[in-house]
Amino acid sequence: MNLPDLLPDAWRTELTPFLDADATASLSAFVDEQYRTQTVYPPIEDLFAAYRLCPPEQTRVLILGQDPYHGPGQAHGLSFSVREGVRIPPSLRNVFKELAEDVNVPPATSGDLTGWARQGVLLLNAVLTVRAAAAASHANKGWEAFTDATIRALDAREERVVFLLWGGYARKKAALITNPVHAVLEAGHPSPLNPKGFRGSRPFSAANKALADAGRPLINWDTRA
């Protein structure tokens, strides 16, 4: 397995200048071994779903998560999202509550955020795989450099991207965003374990204002659309 070969062509072209070949080869070998010998989420066909649904030239917003869901049937390659019919996780329920208060979108009955991705919201996790029932089991194996390369590639683009960085881990990535054309909106993590810092941050209206200020199309945040 060579992970860049699994990326859509446009993303592979954008990421290659920011990837270390040896580190990427080591990560590829690890991920290949894990998929062959363990139960790993998301399914390999969904590994790069975020990239497939959201080409670089269409990316207007990035929402950065940390780790895929590690329960069966949950992770499908988009941060915070779960498939239709899967119980909505607590963090995503808080996202939907904030969505309702911020832009008057009623909470959805489905946690599938594919509609956002198709509009140009890159739903990226910092680590793209996880072993079943073992949170953060694939952290510090090389994914962080791979997804940092994604952030750097977006930072190099000259059309505004709005980076929504929720929680302490994601907020550290603000240091990678140096191009003043972009907008960085930080808030607390939406987890119910973090009672302050996310609710009331109004990230969705703020993201659309930042897009409007740059003359870019707005996001329709209604996941039912």
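To start, this report covers the structure provided alongside it. Computed from a predicted structure; not experimentally measured.

### Remarks on the overall build of the chain
Link 1 in the chain: For the chain, the helix and strand inventory stands at nine helices and six strands.
Link 2 in the chain: Over its C-alpha trace the chain gives a radius of gyration of 17 Å, about what one expects of a compact globule, namely 17 Å for 225 residues.
Link 3 in the chain: The principal-axis extents of the C-alpha atoms in the chain amount to approximately 45 × 40 × 30 Å.
Link 4 in the chain: Expressed as a percentage of the 225 residues in the chain, the buried residues total 53%.
Link 5 in the chain: Surface exposure of the chain reaches about 10,000 Å², of which carbon and sulfur atoms provide 51%.
Link 6 in the chain: Averaging the locations of the 23 positively and 24 negatively charged side chains of the chain gives two centres separated by 7 Å.

### Topic: helix H9 (residues 203–213)
Link 1 in the chain: Residues of H9 that are buried: Pro203, Phe204, Ala207, Asn208, Ala210 and Leu211. Here the buried residues of H9 occupy an arc of 160° about the axis, which is enough to place them on one side. Exposed positions of H9 whose direction lies more than 90 degrees from the buried face are Lys209 and Asp213.
Link 2 in the chain: Following H9 by one or two positions, Gly215 has its phi on the positive side, about 75°.

### A word on the environment of Ser91
Link 1 in the chain: Looking at where Ser91 falls in the secondary structure, it is placed in helix H5 (residues 90–103).
Link 2 in the chain: For Ser91, the residues in contact, after removing those within four places along its chain, are Phe80, His189, Pro190, Ser191 and Pro192.

### Focus: the pattern of salt bridges
Link 1 in the chain: In this structure the tally under the stated criterion is twelve salt bridges.
Link 2 in the chain: Put simply, Asp32 and Arg36 hold a salt bridge, and the shortest N to O gap is 3.2 Å. With Asp32 and Arg36 both in helix H3 (residues 21–37) and four residues apart, the pair spans about one turn of that helix.
Link 3 in the chain: Note on Asp32: relative accessible area 23%, which makes it partly exposed.
Link 4 in the chain: One connected set of salt bridges, linked through shared partners, spans Glu98, Glu101, Arg199 and Arg202.

### Side note on the pairing of strand S2 (residues 61–65)
Regular strands place their side chains on alternate faces of the sheet.
Link 1 in the chain: Counting buried positions over the five residues of S2 gives five, a clear majority of the element.
Link 2 in the chain: Alternating positions in S2 separate into two faces, Val61, Ile63 and Gly65 on one and Leu62 and Leu64 on the other, with burial throughout.
Link 3 in the chain: Looking at chain direction, S2 and strand S3 (residues 121–125) are connected through five bridges and run parallel. Bridging from a neighbouring strand, Leu62 pairs with Leu122 of S3.
Link 4 in the chain: Across four bridges, S2 lies against strand S5 (residues 162–166) in parallel orientation.

### A word on the sheet that holds S5
Link 1 in the chain: Pairing in this open sheet of four strands is parallel, and the strands run S3-S2-S5-S6 from one edge to the other. The outermost strands of the open sheet, each flanked by one partner alone, are S3 and strand S6 (183–187). The average angle at which neighbouring strand axes cross in this sheet is 20°, direction not considered.
Link 2 in the chain: Of the strand pairs in this sheet, S5 and S6 are connected by five bridges, and their pairing is parallel. Its bridge partner lying in S6, Val162 is registered against Ala183.

Rules and cut-offs
Residues numbered from 1 in each chain as written. Predicted model: local features only at pLDDT ≥ 70, side-chain atom pairs only at ≥ 80, totals over all residues. Heavy atoms only, no water. Helix = DSSP H or I, 4+ residues; strand = E, 2+ residues; numbered from the N terminus. Rg over C-alpha atoms; globule rule 2.2 N^0.38 Å. Buried < 20%, exposed > 50% of the residue type's maximum accessible area, 1.4 Å probe, protein only. Areas by Shrake-Rupley, 256 points an atom, 1.4 Å probe, with all protein chains shown as cover. Lys, Arg positive; Asp, Glu negative; His and termini not counted. Charge placed at Lys NZ, Arg CZ, Asp CG, Glu CD. Arc of directions from axis to C-beta. Contact = heavy atoms within 4.5 Å. Salt bridge = Lys/Arg side-chain N within 4 Å of Asp/Glu carboxyl O. Pairing = 2+ DSSP bridges. Axes fitted to C-alpha atoms, helices over the stretch in contact; angles between N-to-C directions.

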